[in-house]
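In case you want the letters, here they are:
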Amino acid sequence: MRNTYKTMNAIEVHNLVKGYKDVSVLHDVSFTVTRGTVFALLGANGSGKTTTINILTTLIKPDGGTATVNEFDVGEQASKVREQISVTGQFAAVDHVLTARENLILMGELRHVTDPKQIAAGLLEKFDLNEAADRPLATYSGGMRRRLDIAMSLVGDAPVVFFDEPTTGLDPQSRAGMWRTIRELVENGTTVFLTTQYLDEADRLADTIGILHGGRIVASGTPAELKGTLSTGLVELEFGDEQQVSTAQRVLSAQHDVRRVDSKLLVASDGTVGEMVDLFVRLKDNGLEPTEFSTQPPTLDDVFFKILDDEKHEEKEERHADAH
Amino acid sequence: MQTLTDTWTMAKRSLRHTTRSPDTIITVLLMPIGLLLLFVYVFGGALGTQTGSIDYVDFITPGVIIMTVMSGIAYAAVRLSTDLQQGVISRFRTMPVAPSSVLSGQALSSTASNLFSCFLVIMVALAVGFRPTTDPLAWLCLAGLLALLILATTWLAMFFGLLAKTVEGAGAFSYILLLLIFISPSFVPTDSMKPWLRGFAEHQPMTPIIETMRSLLIDGTPGPDIWAALAWTLGILLISYTAALSVYRHRALVAAAQ
């Protein structure tokens, strides 16, 4: 199944455009996913994540642009692409009349694996569905159906696996299980494409993140690179009394972005030694001495909200410019 | 070859659905059997005088069998629509599965289960006095004609099932087919109808099918209407097959986009 490839990219997307009726969903989406890595497409509800997945998995056709999976074009070589992929959609697409075991065997038969029964048994064990394996799905909880859904997409070991919001609606334990599954897939050389609304999920799992907003990829890179685009980590300061807090706030505001939360001050800082020294010297000069202090590196949340903020500013400016 | 194995896999799945929900078979059988009893024991006294030398129960059994088929095939439309709503079709569409196999599998299982329903209805008809005078070869012809009819109308049902927005809507179209059975020589000879209605009744597709079945059951020969019957069923099969497959491709895309 695994061939020698011309490029290192399992997925290549160039200038993808897609709209429904009058609503434009994807304006100009481009990104690549390196073979054997996890790519997380991050975005708010309605940002076009599912549309992107649907195009990559041959369910819908783009209005413009190209996309390839393992070097097969998703439009012109759809049946070749289907041999390369497996998909877990946002809603558990399982056969409710069949049992879990039968659902898995069905997948095995459709993927023409040599021993569907044995593969089904292995996955039932792995996804903790053994006890309920031969009960009709009508008796299953939502979480169990979701686990089965994911197990079904692992039948046949497709080299590229798509998960559309795989952990939405899962309890913490199932979510941790899902993360483990994704890591195992990648260890075995599988390429994983996932969409998520959860920043911590992208941060933990993804080798590369693309942030989808307004129909475009507004930022992409490794989690570290994305965080590196922000200079603003936080320094958290506590003081002995109220007077010191308010004096410190006034003093530091001249140079820094300062927020007060209860009796603490949160000071934006790039966390470099120079800036820290400068900060404490300034406090000391004013006779202030923090009782506690700690630093926090920027999180992906900060990156995400900053990007959305910048976007909004740009849109405003564009509108402003248009008005003139 | 792959298309055949995929179709077989899908047919097995679909048959499981049928055997797991015996209530659907009972619902399908309830109306034809109820009508059979109603016509034989209640209306038969009055209507039966118009069928000449033929016993009324012998006269109506072909119509009752067709009615069984028409209510049975709606199940294929409902199943297909459910699969669309639950995203199962989308899943199949992202897999290396022959697109036609999803529909063909459903059609095969529908044919098998509806032939079985017809068998049960014939048993009930025999119990209430149906006395066919036919030989094994004519029975075989009848089974063949029925299988073809079921196959053709199942594809038609799936075409409507794919167009339907809801699962409930998917099953509704079979009422039109049921109406066609009443405006045909199924239960009364067409001579007794108003001239304009008679014109329709004598030229609609159900009529040659019913006449051929009647001829096979009573005389043991296919009779003169066999060619019209075959032309209609094969025509419906061909058109429905093409239309259903093309809608399948399109509709699955729309469902995915929602």
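Please read these numbers as outputs of a predicted model, since none were measured by experiment.

(A) The arrangement of the overall build of chain B in detail. A count of helical and extended segments in chain B gives eleven helices and zero strands. A compact globule built from 258 residues should have a C-alpha radius of gyration of about 18 Å, and chain B, at 19 Å, falls within 12% of that. With the C-alpha coordinates aligned to their principal axes, the bounding extent of chain B is approximately 60 × 35 × 30 Å. Here chain B, with 258 residues, has 55% of them falling under the buried criterion. Of the contacts made within chain B by residues no fewer than 6 positions apart, 81% connect residues no fewer than 24 positions apart. Of the roughly 11100 Å² of accessible surface on chain B, a fraction of 72% belongs to carbon and sulfur atoms. With 14 positive and 12 negative side-chain charges, chain B shows a separation of 17 Å between the mean positions of the two kinds.

(B) Fine view of the sheet that holds strand β12 (residues 258–261) of chain A. All names here are of chain A. Taking strand neighbours across the sheet as the criterion, the four strands line up as β12-β13-β11-β14 in an open arrangement whose pairing is antiparallel. Only two strands of the sheet have a single neighbouring strand rather than two, namely β12 and β14 (292–296). Sheet twist, expressed as the average angle between the axes of neighbouring strands with direction ignored, equals 20 degrees. With five bridges joining them, strand β11 (residues 233–238) and β14 adopt antiparallel strand pairing. In the strand pairing of β14, Glu238 is matched with Glu292. Here helix α9 (residues 242–253) sits on the sheet and contacts β11, β12 and β13 (264–269); the angle it forms with β12, its principal contact strand, is near 160 degrees.

(C) Representation of the packing of aromatic side chains within the structure. Tallied over the full model, the rule gives eleven aromatic pairs over all chains. Arranged with centres 6.5 Å apart and planes meeting at 25 degrees, the rings of Phe116 of chain B and Phe119 of chain B form a pair that is stacked. Linking Phe116 of chain B with Phe119 of chain B, this pair stays in helix α5 (residues 99–127), spanning three residues, or about one helical turn. The positively charged end of Arg175 of chain A is found above the aromatic ring belonging to Tyr198 of chain A, 4.4 Å away from the centroid.

(D) Structural detail: helix α5 (residues 142–154) of chain A. Across its 13 residues, α5 of chain A extends 19 Å between first and last C-alpha, which sits within 8% of the 18 Å expected from 1.5 Å per residue. All buried positions along α5 of chain A are accounted for by Met144, Arg146, Leu148, Asp149, Ile150, Ala151, Met152, Ser153 and Leu154 of chain A. Looking at the buried side of α5 of chain A, the elements it contacts are β6 (85–88), α3 (100–110), α4 (116–126), β7 (160–164) and α6 (172–187) of chain A together with α4 (88–93) of chain B. Positive phi shows up at Gly156 of chain A, right after α5 of chain A, with a value of about 95 degrees.

(E) Inspection of the environment of Gly45 of chain B at higher detail. All names here are of chain B. On the secondary structure map, Gly45 appears in helix α2 (residues 22–47). According to the relative accessible area criterion, Gly45 is exposed, its value standing at 59%. Taking C-alpha positions, Gly45 is 23 Å from Ala201, a pair spaced 156 residues apart along the chain.

(F) The arrangement of the nonpolar core in detail. Among the nonpolar cores identified, the biggest contains 71 residues, and Leu104 and Phe163 of chain A together with Phe92 and Leu103 of chain B are the most heavily contacted of them. Residues contacting Leu103 of chain B, with those up to four places away along its chain left out, are Leu80, Trp155, Met158, Leu162, Ala244, Leu245 and Tyr248 of chain B. Counting residues in each nonpolar core, the second largest holds 47 residues, with Ile33, Phe39, Phe59 and Ile181 of chain B among its members.

(G) How the structure looks around the pairing of β7 of chain A. All names here are of chain A. Within β7, five of the five residues are buried, which leaves the element mostly enclosed by the surrounding structure. Covered by surrounding structure in β7 are Val160, Phe162 and Asp164 together with Val161 and Phe163, the residues of both alternating faces. Two strands pair when backbone bridges link them, and β7 and strand β8 (residues 191–196) are joined in this way by five bridges, in the parallel orientation. Counted as the bridge partner of Phe162 is Phe193 from β8. Since β7 and β8 lie parallel, the crossover through α6 that links them has a hand, and here it is right-handed.

(H) Region of interest: the packing of helix α6 (residues 136–163) of chain B against helix α10 (residues 206–218) of chain B. Residues and elements named next belong to chain B. Between α6 and α10, whose axes approach to 9 Å, the crossing angle comes to 160 degrees. Taken as axis vectors, α6 and α10 run roughly antiparallel relative to one another. Between α6 and α10 the crossing geometry is left-handed. Residues Ala138, Trp139, Cys141, Leu142, Leu145, Leu146 and Leu149 of α6 form the contact with α10, whose participating residues are Ile209, Thr212, Met213, Leu216 and Leu217.

(I) Up close: the pattern of salt bridges. Counted under the stated rule, the structure contains 17 salt bridges over all chains. The shortest N-O distance in the salt bridge between Lys126 of chain A and Glu184 of chain A comes to 3.0 Å. Of the two residues, Lys126 of chain A sits in helix α4 while Glu184 of chain A sits in helix α6, which places them 58 residues apart along the sequence. Measuring nitrogen to oxygen at the nearest pair gives 3.1 Å for the salt bridge that ties Asp83 of chain B to Arg79 of chain B. Residue Asp83 of chain B and its partner Arg79 of chain B are located together in helix α3 (residues 56–85), separated by four residues, close to a single helical turn. Classification of Arg79 of chain B as buried rests on a relative accessible area of 11%. Through salt bridges with shared partners, a single ionic network connects Asp95 of chain A together with Arg13, Arg79 and Asp83 of chain B.

The rules we used
- Residues numbered from 1 in each chain as written.
- Chains lettered and ligands numbered in written order.
- Predicted model: local features only at pLDDT ≥ 70, side-chain atom pairs only at ≥ 80, totals over all residues.
- Heavy atoms only, no water.
- Helix = DSSP H or I, 4+ residues; strand = E, 2+ residues; numbered from the N terminus.
- Rg over C-alpha atoms; globule rule 2.2 N^0.38 Å.
- Buried < 20%, exposed > 50% of the residue type's maximum accessible area, 1.4 Å probe, protein only.
- Contact = heavy atoms within 4.5 Å.
- Areas by Shrake-Rupley, 256 points an atom, 1.4 Å probe, with all protein chains shown as cover.
- Lys, Arg positive; Asp, Glu negative; His and termini not counted.
- Charge placed at Lys NZ, Arg CZ, Asp CG, Glu CD.
- Pairing = 2+ DSSP bridges.
- Axes fitted to C-alpha atoms, helices over the stretch in contact; angles between N-to-C directions.
- Phe/Tyr/Trp six-rings, centres within 6.5 Å; stacked < 30°, edge-to-face > 60°.
- Lys NZ or Arg CZ within 6 Å of the ring centre and 35° of its normal.
- Expected span 1.5 Å × (residues − 1).
- Core = buried A, V, L, I, M, F, W, Y, C linked by side-chain atoms within 4.5 Å.
- Right-handed = clockwise from strand over helix to strand, strands pointing away.
- Parallel < 35°, antiparallel > 145°, perpendicular 65-115°, else oblique.
- Left-handed = near helix turned anticlockwise from the far one by under 90°.
- Salt bridge = Lys/Arg side-chain N within 4 Å of Asp/Glu carboxyl O.

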